[in-house]
Amino acid sequence: MTAAVGARPGDSPRAASVPAPNWVTIAIALFLTVDALITLVLEVFYLPIYAGHAHVPTSQPVLAAAAPLASTATTAGAIALPITALVAGVVNVLLVMGMSVVSQRIPVMIIPLTVWTLGFLVCASSGPGGDALLISDWPTMALLLCGLVPAGLYLYWRATARYAHEIKAVR
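Residues numbered from 1 in each chain as written. Predicted model: local features only at pLDDT ≥ 70, side-chain atom pairs only at ≥ 80, totals over all residues. Heavy atoms only, no water.

Caption draft 1: Highlighting the overall build of the protein chain. The secondary structure content of the protein chain amounts to seven helices and two strands. For the protein chain, the α and β elements follow one another from N to C terminus as α-α-β-α-β-α-α-α-α. Taking contacts inside the protein chain between residues at least 6 apart in sequence as the whole, the part at least 24 apart equals 74%. Accessible surface for the protein chain amounts to roughly 11,600 Å². Of this, 72% is attributable to carbon and sulfur atoms. (Helix = DSSP H or I, 4+ residues; strand = E, 2+ residues; numbered from the N terminus. Contact = heavy atoms within 4.5 Å. Areas by Shrake-Rupley, 256 points an atom, 1.4 Å probe, with all protein chains shown as cover.)

Caption draft 2: Main features of the environment of Phe31. Tracing the backbone shows Phe31 in helix H2 (residues 23-45). What makes Phe31 exposed here is its relative accessible area of 57%. Taking the C-alpha atoms as reference points, Phe31 and Met99, 68 residues apart in sequence, are found 9.8 Å from one another. (Buried < 20%, exposed > 50% of the residue type's maximum accessible area, 1.4 Å probe, protein only.)

Caption draft 3: Spotlight on the packing of helix H6 (residues 111-124) against helix H7 (residues 138-170). Two elements in contact, H6 and H7, have axes separated by 11 Å at closest approach and are oriented at 165 degrees. If you check the angle between H6 and H7, you find them roughly antiparallel. The interaxial crossing formed by H6 with H7 has left-handed handedness. Note on element contacts: H7 touches H6 through Thr140, Leu143, Leu144, Gly147, Leu148, Ala151, Gly152 and Leu155, opposite Leu113, Trp116, Thr117 and Phe120. Looking at the contact of H6 with H7, its residues break down into eight nonpolar, four polar and no charged. (Axes fitted to C-alpha atoms, helices over the stretch in contact; angles between N-to-C directions. Parallel < 35°, antiparallel > 145°, perpendicular 65-115°, else oblique. Left-handed = near helix turned anticlockwise from the far one by under 90°. Nonpolar A, V, L, I, M, F, W, Y, C, P; charged D, E, K, R; others polar.)

Caption draft 4: Geometry of the packing of H2 against H6. Following both chains from N to C, one finds H2 and H6 inclined at 35 degrees, their axes separated by 8 Å at the closest point. Crossing angle aside, the handedness with which H2 passes H6 is right-handed. Between H2 and H6, the contacting residues are Leu32, Thr33, Ala36, Leu37, Thr39, Leu40, Glu43 and Val44 on the first element and Ile111, Pro112, Val115, Trp116, Gly119, Phe120 and Cys123 on the second. Residue composition of the contact of H2 with H6, by class: 11 nonpolar, three polar and one charged.

Caption draft 5: Geometry of the environment of Ile106. Looking at the element boundaries, Ile106 is found in helix H5 (residues 106-109). Once the C-alpha coordinates of Ile106 and Arg158 are considered, the two residues, 52 residues apart in sequence, prove to be 8.2 Å apart. Beyond its immediate stretch of four places on either side in the chain, Ile106 contacts Leu155, Arg158, Ala159 and Arg162.

Caption draft 6: Looking closely at the packing of aromatic side chains. Scanning the model with the defined rule gives two aromatic pairs in all. Between Trp116 and Phe120 the ring centres are 5.7 Å apart and the planes differ by 20 degrees, which places this aromatic pair in the stacked class. Taken together, the residues Trp116 and Phe120, both in helix H6 and four residues apart, mark about one turn of the helix. Both residues of the pair, Trp116 and Phe120, belong to the buried class. Relative to Trp157, the ring of Tyr154 has its centre 5.8 Å away and its plane inclined at 40 degrees; by these criteria the two rings are tilted. Of this pair, Tyr154 and Trp157 both sit in helix H7, three residues apart, which is roughly one turn of that helix. With relative accessibility at 13%, the residue Tyr154 sits in the buried group. (Phe/Tyr/Trp six-rings, centres within 6.5 Å; stacked < 30°, edge-to-face > 60°.)

Purely geometric stuff here, so don't read any function into it on its own.
Encoded structure:
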């Protein structure tokens, strides 16, 4: 019996037969990691989308151009619609599935999700002037939960399916 280059003791025969990563797999992993950051930025920027009509009080004709700016409740009557939270759930699962092409190991598959989470924490923290991209409200929490829970459940499913398959192979 021959061992594959880079095989470690205790590796399954399938894992031992996988060759070392080449430049294509490294490029795919790098692309998926950068894609996690790009999609996070787009999700954060498009998170405050509202549906419905905002009621802006009428004003005098002279101030008609400035009326939308002078309104104190520009979102009164509009409903927050965090579509990007749902997009984050789908995209993060797809990123993790894409990383499974590079490696079947869970620590490698979780890299895009980890980068997405760290980027989310950077966006949620305040900058030097006290500005923050994400505020503490329910769409922000929906973005965090929808971004992490579906991908985490997919990783859990992959991990338990792999171990169940290995247990059946031992019996």
